[in-house]
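Reading the structure
If you want the building blocks of each chain, they are given just below.
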Amino acid sequence: MLKIAVIGSGTMGNGIAHVFAQHDHQVSLIDTNEKALEKALATISKNLDRQLSKGVIQAEEKESVLANITTHTELADGVQNADIVVEAATEDTKLKLDIFRQLDQHCPKNTILATNTSSISITKIAAATNRPEQVIGMHFMNPVPVMPLVEVIKGYKTSEETTHQIMSVAKGLEKAPVAVNDYPGFVANRILMPMINEAIYSLYEGVAGVQEIDTVMKLGMAHPMGPLQLADFIGLDVCLSILNVLHEGLGNPKYAPCPLLVNMVEAGNKGIKSGEGFYLHTHGSKELIVSERFNK
């Protein structure tokens, strides 16, 4: 049993906490917002109920998982005994660097500091600490309790021992870890985001409509979700942020975000999180309704 601290209680953070707690680890879930923590616990409970209804877990296991999670609004309190910290805060470089400086100060010397970043340089994050050999990327996929992949990203100074430990921990969570090197976008988003961006360009240039583009990729390429629907699910602001990291880090114009994506984010249409992106998203509804802006 390990002591795990998870920084950030949003979609990724509560999913990561859920998975660790379900595998008998003690989890400290940390967020500066008390209401966000309450919402996270409610989400974990709801997801456990879903697993219960499918026979994945038994009733007594739900209570055990929830008992494995404590919440904290002060970072120092939540990480003081941690074996591993997994940071899952907003995809913002400045914020992450600040968090890792604090972690380096408050965590025990042997604590491994992992980040769930989807694109930001592990090497850059590690340089904000005095333990770069113990800093690593642990990029879970959404939804965390369901998706098996974990990208394990080695920074320039990440030690082989740290990499081995995190690979082993991920396997213990019944995940499939894949070790990759620290370059912009890693593997998953270096391949995924240009595809999503090209789908947005196809819409922007009038090649086809939202449903037509998504249908081609679902029926023609066997994707479970079309790229525009997936972009809404990920968050259009997150997609834009990752594309900017790719464009800046690799210096190749092919990674430049589509102007339509930029405008949508600036207008506040970020997908599911805002209620509208390429589709309209009504709470509790699974029906795919194209946003009126594109339904012409």
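Refer to the structure above for everything that follows.
Let me sum up the structure you'll find in this document. (Residues numbered from 1 in each chain as written. Predicted model: local features only at pLDDT ≥ 70, side-chain atom pairs only at ≥ 80, totals over all residues. Heavy atoms only, no water.)

Okay, helix α2 (residues 34–53) next. Here α2 contains 20 residues, and its C-alpha end-to-end distance of 29 Å stays within 8% of the 28 Å for a straight helix at 1.5 Å per residue. Residues of α2 that are buried include every one of L37, A40, I44, S45, N47, L48 and Q51, and no others. Each buried residue of α2 lies within a common arc of 165° when the element is viewed along its axis, so the set occupies one face. Facing away from the buried surface of α2 by more than 90 degrees, the exposed residues are K35, K39, K46 and S53. Residues of α2 that are buried sit in contact with α1 (11–22), β2 (26–30), α3 (59–67) and β3 (69–72). For α2, the side-chain oxygen to backbone nitrogen distance between the N-cap and K35 is 2.9 Å, and the N-cap itself is N33. Count one or two residues on from α2 and you reach G55, which has phi positive near 80°. (Helix = DSSP H or I, 4+ residues; strand = E, 2+ residues; numbered from the N terminus. Expected span 1.5 Å × (residues − 1). Buried < 20%, exposed > 50% of the residue type's maximum accessible area, 1.4 Å probe, protein only. Arc of directions from axis to C-beta. Contact = heavy atoms within 4.5 Å. Polar contact = N/O pair within 3.5 Å; in protein donor to acceptor, adjacent residues only side chain to side chain.)

According to the stated counting rule, one finds three aromatic pairs in the structure shown. Aromatic pair F20 and F140: ring centres 6.5 Å apart, planes at 70°, arrangement edge-to-face. Taken together, the residues span a long stretch of sequence, with F20 in helix α1 and F140 in strand β6 (residues 135–140) at a distance of 120 residues. This pair shows no difference in class: F20 is buried, exactly as F140 is. (Phe/Tyr/Trp six-rings, centres within 6.5 Å; stacked < 30°, edge-to-face > 60°.)

Grouped burial of nonpolar side chains is what soluble globular proteins tend to show. Grouped together as the largest cluster of nonpolar side chains are 33 residues, with contacts concentrated most on I16, F20, V27, V86, M138 and F140. Not counting residues up to four positions away in its chain, the partners in contact with V27 are I4, V6, A17, F20, A21, N68, I69 and T70. Residues A199, L203, L260 and V290 belong to the second largest nonpolar core, which totals 26 residues. (Core = buried A, V, L, I, M, F, W, Y, C linked by side-chain atoms within 4.5 Å.)

In this section: the pattern of salt bridges. Tallied over the full model, the rule gives five salt bridges. A salt bridge links E91 to K96; the nearest nitrogen and oxygen atoms lie 3.7 Å apart. A relative accessible area of 18% means that E91 is categorised as buried. Look at K96 and you get buried, because its relative accessible area is 1%. Taking the shortest distance from any N to any O, the salt bridge between R131 and D104 comes out at 2.8 Å. Taken together, the residues R131 in the loop between α6 (122–126) and β6 and D104 in helix α5 (residues 93–106) connect sequence positions 27 residues apart. Of the two residues, R131 and D104, neither departs from the other in class, the shared state being buried. Residues joined by salt bridges that share partners form a network here, namely E87, E91 and K96. (Salt bridge = Lys/Arg side-chain N within 4 Å of Asp/Glu carboxyl O.)

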